[in-house]
Amino acid sequence: MIIKLDHKNRRARLCLRSTELLEVLREAEETNPSIAGLAVNVDTSSLWLLAAVCNTRTRWLANPPVFPREVRSLWHPEYAEYTLEGTPGQPYGSLVQHFNIVEHNMSFRRSEVQSLLQPDEVILSLTNFPSYLPPFFQSPVTSLPSSNPVTFLPSLPNLLPIPSYLPAFFTQSSNPQLPPCLLYPIFFQSPVTSQPSLPNLQLGCTDFTHPTAAPDLTAGASRSLFFPEDAITQSHPRFKALTRNIRERRKEKVAINVPIYVDLKTPRPFVEDLSEYGDDGSSAAAAKDDHIYMDAMGFGMGCCCLQMTFQACNINEARVLYDHLTPLCPIMLALTAASPIYRGYLADVDCRWDIIAASVDCRTREERGLEPLRNDRFVIPKSRYGSVDMYLSKCGARYNDIPLVYDKKIEQKLLDGKVDDQMALHISHLFIRDSISLFSERIHQDDVREMDHFENIQSTNWQSMRFKIPPINSNIGWRVEFRPCEVQLTDFENAAFGVFIVLLTRAILTFKLNMLIPISKVDENMVNCQKRNAVLEQRLWFRRDLLSRDCDKGDDTSQMTVSEIINGKGNEFVGLIPLVRQYLGNLDMDADTACTIGQYLNFISARAAGTAMTTAAWMRNFVTSHPEYKQDSVVSEGINYDLIVACSGITQGKRACEELLGGIPKTKTTEDIPKAMKKIIQMTCLAPRHAE
């Protein structure tokens, strides 16, 4: 997130420069044929896994693409014009030594952007900008010409039938072009952007962006009272199209209501006069008492997060990772909580999850169960952004205890194509959603050669986990994406959580751990983990016996604190960090890597135990202890400025914050793995390839 600081007037504003910066940041990528050519046809996460790293039990892919050494980062547009998405220039490898380069690469990417900024601009990995203040209400423009090239598709089943190639992917005689089995998953981290919220006019600020931009109440994509069109990225038409199509499909603006944090002087009931923003009454009707009201996709879909994608050996291993990581999603969301402020008010939640879910909720009133079904096909319990609804493995199927909404015709077509029951249900569940964005020239395709129709639906089912099938005619294998974590202020924290999750996947596969709990309890955990100070005050469902893969054992859950889940509970529960340490004890690590990983695990242990605060708790404490805070839940412009300056100081290492980081971390992170290890990789990987 790019922020401009006005030190003289103590103001922090979001800087609308991402399109301009992307042109410079992407020069190395676009001028290199081996990357530029691939990026046209492959989604961002797929590109990461094209160059699988070899180890002693695998070989390079038959024709691995060449990634030039100088391309150390890749950059992509995101929803907001003040946000950037950066990923490593090459996928991280499978060796334990690769854990020691993650933080260094994150720091490199941050410095790469900072070098292009003005002296009064900073780049911060905030989950949510604390205080958005729109310009004073102006008479809206009556009409604007539309140049949007994206077509809204109201009837997906007729326009996008289940692609003919899908059944073949899920049978046991799967795609012969899949890569050889890897010893461990390849992974990458991607801090994905953030989009905040806006406080009211009483705070006296006339804008929250630089340059100033006003919302368009009558002709804009969102018709928001607060969020301007210019704050949506200008580099790609998809994002405005998504915003417009979600609103048009829903037949009304999205309505986001976040419970306000009630302090001593917070008005009761807390009700805003939205007519000051130009409301015609529709927003007031959608707003709830004692809640912070927001009305645009921008308040959620720009939110920053930390996502990780793992490559599996085959479809079965991918199912195992998908299922056993699913119960971890609420645990990690509580641990990474980092967004307690919306539209300039303190909220009674610490996480972004439900805000994003509401910001992209395209369900009609019929689909939400508010009116009888007449024109729509299903009553759908959740937004298209939500937690996982089912496990995919045979063992996991026993824990699918909530009713699943799915398209029976699509399920039958998959079953006829010899796809197993669980996978057929999963795919047919995705296809209960309509497409919400599609280029008109991409409607008619050869589904034997292209996957756009499937990815159009898959990529807009934003669930806490994503099961990724291999692209057609590609060396990319089966992948699983872990999506719940909120992004942290420092590269140390982000690397720690990324490395921890990958280590958990290795422990799951090595020890054959069983994390499965009833999916209904995962849903319950997803609600409770977002509550204020959930990491210390909430008890979440978790499996007690992790070492038994006995699927017939049934519900073996109990409610535990996050600290008990992470650190263990005496003889009653082993804890996730002790299991990871046990896994690491069997590896031969160099001293620098051991030092770095040890600090990561110590930090996560401290965060779970409460000796290191969550970002959300630290921000809330910063605001409530600020001398300008009036105990009324309002985060004023001055408080917001001081908070952003403090965050910038912590990010840059200029401000010590032991209460947030659990100490003063000094890892041994490096740019690359030791030369000796690289030489071993070359000897074990390239020699068999040359012998062919």
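What counts, and at which threshold
Residues numbered from 1 in each chain as written. Predicted model: local features only at pLDDT ≥ 70, side-chain atom pairs only at ≥ 80, totals over all residues. Heavy atoms only, no water. UniProt positions renumbered as here; feature names shortened; annotations may be inferred. Helix = DSSP H or I, 4+ residues; strand = E, 2+ residues; numbered from the N terminus. Buried < 20%, exposed > 50% of the residue type's maximum accessible area, 1.4 Å probe, protein only. Contact = heavy atoms within 4.5 Å. Areas by Shrake-Rupley, 256 points an atom, 1.4 Å probe, with all protein chains shown as cover. Polar contact = N/O pair within 3.5 Å; in protein donor to acceptor, adjacent residues only side chain to side chain. Axes fitted to C-alpha atoms, helices over the stretch in contact; angles between N-to-C directions. Parallel < 35°, antiparallel > 145°, perpendicular 65-115°, else oblique. Left-handed = near helix turned anticlockwise from the far one by under 90°. Core = buried A, V, L, I, M, F, W, Y, C linked by side-chain atoms within 4.5 Å. Arc of directions from axis to C-beta. Lys, Arg positive; Asp, Glu negative; His and termini not counted. Salt bridge = Lys/Arg side-chain N within 4 Å of Asp/Glu carboxyl O. Nonpolar A, V, L, I, M, F, W, Y, C, P; charged D, E, K, R; others polar. pLDDT = per-residue confidence, 0-100. Pairing = 2+ DSSP bridges. Phe/Tyr/Trp six-rings, centres within 6.5 Å; stacked < 30°, edge-to-face > 60°.

Labelled according to an unreviewed UniProt entry, the protein chain appears under the name Glutamate--cysteine ligase, originating from Chionoecetes opilio. For the record of the protein chain, the UniProt heading Pathway (unreviewed entry) holds the text "Sulfur metabolism; glutathione biosynthesis; glutathione from L-cysteine and L-glutamate: step 1/2." In its Catalytic activity (unreviewed entry) section, the UniProt record describing the protein chain reads: "L-cysteine + L-glutamate + ATP = gamma-L-glutamyl-L-cysteine + ADP + phosphate + H(+)".

Trainee: Explain the overall build of the protein chain here, please?
Mentor: Along its length, the protein chain carries 27 helices and 20 strands. Here the protein chain holds 692 residues, and 62% of them are scored as buried. Partitioning the contacts of the protein chain with sequence separation of at least 6, the portion at a separation of at least 24 is 78%. Carbon and sulfur atoms make up 51% of the accessible area of the protein chain, which amounts to about 26000 Å² in all.

Trainee: What is the right way to read the environment of Y277 from this model?
Mentor: In this fold, Y277 is placed in the loop between β9 (256-259) and α9 (282-286). Between the alpha carbons of Y277 and L225 there is a distance of 5.8 Å; along the sequence they are 52 residues apart. Looking at Y277, its side chain comes within polar contact range of the side chain of R343, at 3.2 Å.

Trainee: How should the environment of S563 be read in this particular structure?
Mentor: Residue placement: S563 occurs in helix α21 (residues 562-567). Spatially, the C-alpha atom of S563 lies 4.6 Å from that of A608, the residues being 45 residues apart in sequence. Excluding residues within four positions of it along the chain, S563 makes contact with G568, A608 and A609.

Trainee: Whenever I open this one, the packing of helix α5 (residues 102-114) against helix α18 (residues 491-511) confuses me. Can you help?
Mentor: The geometry of a pair of packed helices is captured by two quantities: the angle between their axes and the separation between those axes. One way to put it is that α5 packs onto α18 with a least axis distance of 9 Å and a crossing angle of 140°. Classed by the angle they form, the pair α5 and α18 counts as oblique. When you trace α5 past α18, the crossing you get is right-handed. Contacts between α5 and α18 involve V102, E103, M106, S107 and R110 from the former and D491, F492, N494, A495 and V499 from the latter.

Trainee: Could you clarify how one ought to interpret the environment of P259 in this entry?
Mentor: Tracing the chain through its elements places P259 in strand β9. Beyond its immediate chain neighbours, meaning those up to four positions away, P259 contacts D290, H291, A347, D348 and V349.

Trainee: Looking at this model, I keep getting lost on the nonpolar core. Mind explaining?
Mentor: Considering soluble globular proteins, one finds that nonpolar side chains tend to be buried as a cluster. I3, F482, F500 and W618 are the most contacted members of the largest nonpolar core, which totals 171 residues. Ranked by residue count, the leading element in this core is α18, at twelve residues. Those residues in contact with I3, other than ones at most four positions away along the chain, are A12, R13, L14, C15, D120, E121, V122, L124, L126, F129 and I644.

Trainee: Sorry, what's going on with helix α1 (residues 18-25) here?
Mentor: At 3.6 residues per turn, the α-helix brings residues three or four places apart onto the same side. For α1, the complete set of buried residues consists of S18, T19, L21, L22 and L25. Buried positions in α1, seen along its axis, are confined to an arc of 160° and lie on one side of it. In this fold, the buried residues of α1 make contact with β1 (2-6), α2 (27-31), β3 (73-77), β4 (84-88) and α5.

Trainee: Looking at this structure, how should I read the side chain of E366?
Mentor: Of note, E366 is situated in the loop between α13 (353-359) and β14 (385-386). With no salt bridge to any partner, buried E366 finds its closest opposite charge in R374, at an N-O distance of 5.0 Å. Separated by 3.0 Å, the side chain of E366 and the backbone nitrogen of N375 make a polar contact.

Trainee: Hey, could you run me through the packing of α18 against helix α23 (residues 591-609) in this one?
Mentor: Where α18 meets α23, the closest approach of the two axes is 9 Å, and the angle between their N-to-C directions is 95°. If you check the angle between α18 and α23, you find them roughly perpendicular. Touching F492, E493, A495, A496, F497, V499, F500 and L503 of α18 are I597, Q599, Y600, L601, F603, I604 and R607, all from α23. A breakdown of the residues in the contact of α18 with α23 according to their chemical character gives twelve nonpolar, one polar and two charged.

Trainee: In this structure, what is going on with the confidence of the model for the protein chain? I would like to understand it.
Mentor: In this model, the protein chain carries a mean pLDDT of 85, and residues with pLDDT of at least 70 account for 82%. Below a pLDDT of 50 lies the segment residues 135-159, which in the model reaches 55 contacts outside its immediate sequence neighbourhood of four places, other chains included. Ignoring residues within four places in sequence, the model shows residues 687-692, a span with pLDDT below 50, making eight contacts including any to other chains.

Trainee: How do you make sense of unusual backbone geometry when you look at a structure like this?
Mentor: Of note, the bond from H210 into P211 is cis; its omega dihedral lies within 30 degrees of zero at 0°. Relative to the helices and strands, P211 is located in the loop between β8 (209-210) and α8 (238-250). Backbone torsion omega between R268 and P269 reads -5°, so that peptide bond is classified as cis. Even without glycine at this site, R10 takes up a positive phi of about 55°. With respect to the helices and strands, the residue R10 is situated in the loop between β1 and β2 (11-15). The phi dihedral of R223 is positive, around 55°, even though this residue is not glycine. Relative to the helices and strands, R223 is located in the loop between β8 and α8.

Trainee: Would you explain the pairing of β4 in this entry?
Mentor: Burial analysis of β4 places five of its five residues in the buried class, which makes it a mostly covered element. One ladder, built from five bridges, connects β3 with β4; its direction is antiparallel. Residue pairing in the sheet places P77 in a bridge with L84 of β4.

Trainee: Any chance you could explain the packing of aromatic side chains here in plain terms?
Mentor: Scanning all chains against the criterion turns up 16 aromatic pairs. For the pair F208 and F227, a centre-to-centre distance of 6.5 Å together with 45° between the ring planes defines the contact as tilted. Of this pair, F208 sits in the loop between β7 (187-192) and β8 while F227 sits in the loop between β8 and α8, and the two are 19 residues apart along the sequence. Note on F227: relative accessible area 1%, which makes it buried.

Trainee: Could you clarify how one ought to interpret the sheet that holds strand β5 (residues 121-123) in this entry?
Mentor: Pairing between the strands of a sheet comes from backbone hydrogen bonds, and it takes one of two forms, parallel or antiparallel. Pairing is mixed across the open sheet formed by four strands, whose spatial order is β5-β1-β2-β8. For this open sheet the edge positions go to β5 and β8, each flanked by a neighbour on one side alone. Both β2 and β8 contribute to a ladder of two bridges, which runs parallel. Looking at β8, one finds that L14 is bridged to T209.

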